[in-house]
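Observations on the model geometry
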Protein chains: 2
Amino acid sequence: LGLLPKTSPQTALLDIASYFNPADEVSGDYYDYFLLGQDKIGIVLADVSGHGASAALLMTLVKGILHANAQHFQSTERVLAELNVTLGQIIPKDMFVTMIFLVFDLQKRALRYSNAGHSPLLMYHSQSQKTQMVELRGPALSLSKLSVYREKEFPLNQGDLFLVYTDGITEAFNEQAQMFEEARLIQAVEDVVSEPAKKVIANVNSALRAFMGKARQADDVAMIAVKVL
Amino acid sequence: LGLLPKTSPQTALLDIASYFNPADEVSGDYYDYFLLGQDKIGIVLADVSGHGASAALLMTLVKGILHANAQHFQSTERVLAELNVTLGQIIPKDMFVTMIFLVFDLQKRALRYSNAGHSPLLMYHSQSQKTQMVELRGPALSLSKLSVYREKEFPLNQGDLFLVYTDGITEAFNEQAQMFEEARLIQAVEDVVSEPAKKVIANVNSALRAFMGKARQADDVAMIAVKVL
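Cut-offs and rules
- All chains use their own residue numbering, which begins from 1 and follows the written sequence.
- Here every chain gets a letter starting at A, and every ligand a number starting at 1, in the order they are written.
- Per-residue local features are limited, in this predicted model, to residues with pLDDT of at least 70; the limit for side-chain atom pairs, both in listing and counting, is 80 or more; totals at the level of whole chains, interfaces and linings are taken over all residues.
- Water and hydrogen atoms play no part in the side-chain values, which are based on all heavy atoms of the structure.
- The helix count covers DSSP runs of H or I at least four residues long, the strand count covers runs of E at least two residues long, and both are numbered beginning at the N terminus.
- Just to be clear, the radius of gyration here is over C-alpha atoms, and the globule rule we use is 2.2 Å times residues to the power 0.38.
- Burial classification: accessible surface area is computed with a 1.4 Å probe over protein chains only, and a residue below 20% of its type maximum counts as buried, one above 50% as exposed, and the rest as partly exposed.
- The contact criterion used throughout is that any non-hydrogen atoms of two residues lie within 4.5 Å.
- Charge assignment in this entry is limited to Lys and Arg as positive and Asp and Glu as negative, and neither His nor the chain termini are counted.
- For this purpose, a charge sits on NZ of Lys, CZ of Arg, CG of Asp or CD of Glu.
- Buried area: the sum, over both parts, of the accessible surface (1.4 Å probe) that disappears when the two are put together.
- By convention in these notes, a salt bridge is any Lys or Arg side-chain nitrogen within 4 Å of a carboxyl oxygen on Asp or Glu.
- Each polar contact in these results corresponds to two N or O atoms within 3.5 Å; when the atoms are within protein, one needs to be able to donate a hydrogen and the other to accept it, and residues that are neighboring in sequence are counted only if both atoms are side-chain atoms.
- Residues are grouped as follows: Ala, Val, Leu, Ile, Met, Phe, Trp, Tyr, Cys and Pro are nonpolar; Asp, Glu, Lys and Arg are charged; every other residue, Gly included, is polar.

Observations regarding the overall build of chain A
- Per the secondary structure count, chain A includes 5 helices and 10 strands.
- Rg of the C-alpha trace for chain A: 17 Å, near the compact-globule value of 17 Å for 229 residues, within the 12% margin.
- Here the C-alpha coordinates of chain A stretch approximately 45 × 45 × 30 Å along the principal axes.
- Of all 229 residues assigned to chain A, the portion counted as buried reaches 56%.
- Excluding contacts between residues fewer than 6 apart, the proportion of contacts in chain A whose partners are at least 24 apart in sequence is 68%.
- The positive charge centre, built from 20 side chains, and the negative charge centre, built from 25, are 4 Å apart in chain A.

Next up, the structure:
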């Protein structure tokens, strides 16, 4: 029973690429794709507390609840709200999960997005040629059953690019104890933003490696890029 | 993150007791209780294919999907049908899960029950003083997305007793290679059917041990007894 998908889904509208590099003995990152009906693709990236066998179980539990909820509810905000409540009933108080959840509606050509305490969505808007971090505050999952989540919807236009990533990237340190941070991530995306998703991922990765130098990778590195064709 | 509950829920209407004894190095049994709203208790007993870490992950996945579905759907048949489809989208073709799922409606004083390839529900009906195996055929989960499940509903009357169990009990062998079978299970229940749930469990267990003698326990033994007060 594999926890992580082996391939990215292929559609005529979206070019999707991903990268996952767990740190030694630490693996709390979960990413996944799933088809919702005939014309929607869900993409999730999450970071669960703990590591090892306990993190693997928590990830699997999150996967199960998320898949079920995503089938039942259209709204990404509702999916996270239900996941938050169900998870809170099951897992210990000291465990939590950050998650970014995206649903690409291929027919409507729209993206719905919600965020539970995870790093913001990076969005490159092709018409304005601007890159932004889409902040959408919501608490990590399972902290409180009263947590409220929000949702944003964007139209999908040719050339738009979306990147989800874990803080193993933005909070990676170099040998001088500086952090990679959002600005370098944005730059690494913008440098190759007209290239395929795979190339964008590769460029972020090489910028990160160049920055880190010989510094040790302390956390998992995971990212998914989605480009509108 | 514990997979199995540490205690049984307590209510004024139901006396619930459980027993779980995994065989060496094999643990594919999953049982769980959960509150559904203010006045319903879900009880599940399942047997997943495989063992070890793989079975633990599959159990956790099942737990996640089941908890989510049980919150959303009233009908036990619908909960299993949705679980079947979602599970089939995620897990490999050679994995499957048998499951018996019960919802006790404390306000309505009724039990709803569905079965996916698991051993039938044992029901002792206090008014008629009869014990029966409630057959309710439905395929194991994840075998086919076209699988259909059924549901039965029973009123809850004082003195009624329900037992769910795994085939580690009915298919346990003694030293003469005979199986314990349903008849001995029914007898062990009937002998103490006016006693508390805990005593019923204990009596089934001692009848099983006496029957097995020195034969090795080949499979997990799990059972839950629910008595109406």
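This is not the end of the story, as more comes after the structure.
Quick word on the interface of chain B and chain A
- In this complex, chain B contributes 23 residues to the contact, which on the side of chain A involves 23 residues.
- In total, about 1900 Å² of surface goes out of reach between chain B and chain A, with carbon and sulfur atoms giving 72% of it.
- Counting every contact that joins chain B to chain A gives 0 salt bridges.
- Counting every contact that joins chain B to chain A gives 7 residue pairs in polar contact (both at pLDDT 80 or more).
- Listed by contribution, the elements that provide at least two residues to the side of chain B that touches chain A are α1 (52-72) and α2 (76-90) of chain B.
- A total of 14 residues in the side of chain B that touches chain A trace back to one element, the largest contributor, which is α1(B).
- For the side of chain B that touches chain A, the per-class residue count stands at 12 nonpolar, 9 polar and 2 charged.

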